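# Residue-level structure breakdown
Given next are the chains, with one letter for each unit.
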Amino acid sequence: MESLVARIEAVNTVVNDFAWGPVMLILLVGTGIYLTARTGCIQLTRFGYCMRNTVGTLFNGSKKNHGENLSPFQAVTTSLAGTVGTGNIA
């Protein structure tokens, strides 16, 4: 029985070394660079647009209701609460 456990531990070590080693790091960074190039570097080109439509709406002073059910602040806090709550359950 001990030899089976030792074999499983050896296989687990090999898999973990691959999964958390430099090969996986290169794959993750390479995928990020590929997707950035493929989408036209949208993270940087549309950064201002994203900030204006999320954080910027908190400070513009306009209290008009355009038929929306949630304000952007309420949407962000709801999303954050769901993420934190799920993390606490796990």
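### Notes on the overall build of the protein chain
- The secondary structure content of the protein chain amounts to six helices and zero strands.
- Ordering the α and β elements of the protein chain from the N terminus gives α-α-α-α-α-α.
- Of all 90 residues assigned to the protein chain, the portion counted as buried reaches 1%.
- Only carbon and sulfur atoms are counted for the fraction: they give 68% of the accessible area of the protein chain, which is about 8,100 Å².

### Re a nonpolar patch on the surface
- A cluster of nonpolar residues, Phe47, Met51, Val55, Leu58, Phe59 and Phe73, forms a patch on the protein surface that exposes about 620 Å² of accessible area.
- Where the nonpolar patch is concerned, the elements lending two or more residues are helix H4 (47–53) and helix H5 (56–59).
- Within the element layout of this structure, Leu58 appears in helix H5.
- Leu58 sits in the partly exposed class, given a relative accessible area of 38%.

### A short note on helix H2 (residues 22–38)
- Over its 17 residues, H2 runs 24 Å from end to end, which matches the ideal 24 Å to within 8%, given 1.5 Å per residue.
- Residue Gly40 follows H2 closely and has a positive phi angle near 75°.

### Here's the deal with unusual backbone geometry
- Unusually for a residue other than glycine, Cys41 sits at a positive phi of about 55°.
- Inspection of the secondary structure assignment puts Cys41 in the loop between H2 and helix H3 (42–45).
- Accessibility expressed as a relative area gives 26% for Cys41, which makes it partly exposed.

### Here we look at the environment of Val55
- Here Val55 lies in the loop between H4 and H5.
- The partly exposed category is assigned to Val55, whose relative accessible area is 39%.
- Distance from Val55 to Val76, taken between C-alpha atoms, is 9.6 Å for residues 21 residues apart in sequence.

### A word on the confidence of the model for the protein chain
- Here the protein chain shows a mean pLDDT of 83. Residues at 70 or above account for 87%.
- Mean pLDDT in the protein chain bottoms out at H5, which sits at 73, and peaks at H2, which reaches 92.

Quick notes on the rules
- Residues numbered from 1 in each chain as written.
- Predicted model: local features only at pLDDT ≥ 70, side-chain atom pairs only at ≥ 80, totals over all residues.
- Heavy atoms only, no water.
- Helix = DSSP H or I, 4+ residues; strand = E, 2+ residues; numbered from the N terminus.
- Buried < 20%, exposed > 50% of the residue type's maximum accessible area, 1.4 Å probe, protein only.
- Areas by Shrake-Rupley, 256 points an atom, 1.4 Å probe, with all protein chains shown as cover.
- Patch = residues over 30% accessible without salt bridge, like charges linked within 9 Å, V, L, I, M, F, W, Y side chains within 5 Å.
- Salt bridge = Lys/Arg side-chain N within 4 Å of Asp/Glu carboxyl O.
- Expected span 1.5 Å × (residues − 1).
- pLDDT = per-residue confidence, 0-100.

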